[in-house]
Amino acid sequence: MNSPLRKKLLGLLFAFFLCVLSQVVQPMQSYASLPDEVQVFAGRQADVRLTVPAASSAVVDRPDIVGLDHQSAIKVTRQEPLHLHPQQTGHAKLTLKLWGKIPVKTVNVNVIPDLRVVPGGQTIGVKVKSAGILVVGHHLVRSNPDEQKSPGEAAGIKLGDLITHMDGKRLDGVSGVSEAVELAGKRNQGIDVVLKRGNETIKTKLTPAYDAEDKAWRLGLYIRDSAAGVGTLTFYAPDQGVYGALGHVITDMNTQTSIVVGSGQIVQSNVTSISKSETGDPGEKRAHFLKESKILGNIERNTAFGIFGKMSQNPEHSLYSQGIPVAFSHEVKEGPAEILTVVDGQQVERFTIDIVHVADQSEPATKGLVLRITDPKLIDKTGGIVQGMSGSPIVQDGKLIGAVTHVFVNDPKSGYGCFIEWMLQDAGVMMKKGQAKNLKAG
């Protein structure tokens, strides 16, 4: 065989090899991007969309736990969701096969007990006390005309630090601070301070300075131990006796650091008026805590997805007397939905919205949804999303799917929401991925 012909044949073989390789490698890479784990509820059909790159089939190792349309293997396409039929709690493996033959991806399917919660929508008053005292600023102490300083700043204490102990005593609030400062000042001694800065615990010594003008000992720190505001109840889980609200973390208004909860309460609140949202100026619900306001629950946790605590009964003015199904993040779709919220007094109302974008989140993350208000009545009353509406439950196809969290400042008819799945996990109502693997078939 002459050399030019050989080169031509080798070139054709190489091109053929590259073509075959691309047909295999590209699908393999796409399969790798599919989720490793999916959670579904027992006794409830689940539609899971798997964007497979090529002709594929799916099989499960435990059809007694998860069925596939009464077949041992079914075809998987881009267009149609995979219909799973969870039979009982437990763990199964779903294997995807390229061209129905080559195993390329195994998805762990965790079947967890069915869950129903009562959607909220009620406006609530939030009273929270931090687990210590929060540093929100520094100020100078003038000991004499020629000397002024901030003892707190000199001790390395920063804005957002949470002081938890002074001289070995735990601080429950600001009430005990002035006494400790005065005693240390008169004795000309420093105060041993323990503080938290994020996840770090820091020890330092803080020496009070005498303020000649006020004739008192000072730390040169502005401190706060409590916060209050208005938000919306997202859900009540009657079987567990817990609730979730707000959909986002409570932060200190000065330092923008999250408040570490020591104690707190949510109470009934009454919407008195609304400042409408406008482009560049988000509005707000104006509400007050009634003197006879009933305590609805306590506050135990403040997380990226809201506040959570105990609640003994379904609050008044609820639109639901019984729980409704909840949706996993992978079940949420773009299209019509509704939110539940209060715009006058204490009456919860339904308002139409559109889900315009759904983020692909296999792990907890904020901003899972982008929503747009479409209800003319709500737009006329509020201009869109206003402050105080955070936590308003989002219902789609009869399922609780999430909560309103933020407004777009430049487009108040639109905003973000979070998936209810992450709120339920933080409330301790729903198991996190990985925990369900320990379930045994019932």
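Residues numbered from 1 in each chain as written. Predicted model: local features only at pLDDT ≥ 70, side-chain atom pairs only at ≥ 80, totals over all residues. Heavy atoms only, no water.

- Per an unreviewed UniProt entry, the protein is named SpoIVB peptidase, and its organism is Paenibacillus cucumis.

### Describing the pairing of strand 3 (residues 56-60)
And then number 1: A large share of strand 3 lies buried, amounting to four of its five residues.
And then number 2: Inspection of the sheet shows strand 3 paired to strand 7 (residues 90-98) by five bridges, in the antiparallel sense. Its bridge partner being in strand 7, Ser56 is matched across the sheet by Leu98.
And then number 3: Here strand 3 runs beside strand 5 (residues 73-76); their pairing, made up of four bridges, is antiparallel. Pairing of Ser57 across the sheet is with Lys75, part of strand 5. (Buried < 20%, exposed > 50% of the residue type's maximum accessible area, 1.4 Å probe, protein only. Helix = DSSP H or I, 4+ residues; strand = E, 2+ residues; numbered from the N terminus. Pairing = 2+ DSSP bridges.)

### Considering unusual backbone geometry
And then number 1: Not every positive phi belongs to a glycine, and Lys215 is a case in point at roughly 55°.
And then number 2: Mapped onto the secondary structure, Lys215 falls in the loop between strand 17 (209-211) and strand 18 (216-218).
And then number 3: Overall, Lys215 belongs to the exposed group, its relative accessible area being 61%.
And then number 4: We note that His317 has phi near 70°; this positive angle belongs to a residue other than glycine.
And then number 5: Considering the arrangement of structural elements, one finds His317 in the loop between strand 25 (306-310) and strand 26 (324-325).

### Some remarks on the sheet that holds strand 4 (residues 66-67)
And then number 1: Across the sheet, three strands lie side by side as 2-6-4; this open sheet has antiparallel pairing. Strands at the two margins of the open sheet, each flanked by one partner only, are strand 2 (46-48) and strand 4.
And then number 2: In the sheet, strand 2 pairs with strand 6 (residues 82-86) via three bridges, with the strands oriented antiparallel. Looking at the pairing, Ala46 lines up with Leu84 of strand 6.

### As for the packing of aromatic side chains
For any two aromatic rings, the description comes down to two numbers: the centre-to-centre distance and the angle of the planes.
And then number 1: Counted according to the given criterion, the structure contains three aromatic pairs.
And then number 2: Measuring from centroid to centroid gives 4.4 Å for Phe41 and Phe328, while their planes differ by 20°, and the two rings are stacked. Note that Phe41 is positioned in strand 1 (residues 37-41) and Phe328 in the loop between strand 26 and strand 27 (335-342), a separation of 287 residues in sequence. For the pair shown, Phe41 and Phe328 are each scored as buried.
And then number 3: The interplanar angle of 75° and the centroid separation of 4.9 Å between the aromatic rings of Phe408 and Tyr416 together place this pair among those described as edge-to-face.
And then number 4: On the basis of relative accessible area, Tyr416 is assigned to the partly exposed category, the value being 24%. (Phe/Tyr/Trp six-rings, centres within 6.5 Å; stacked < 30°, edge-to-face > 60°.)

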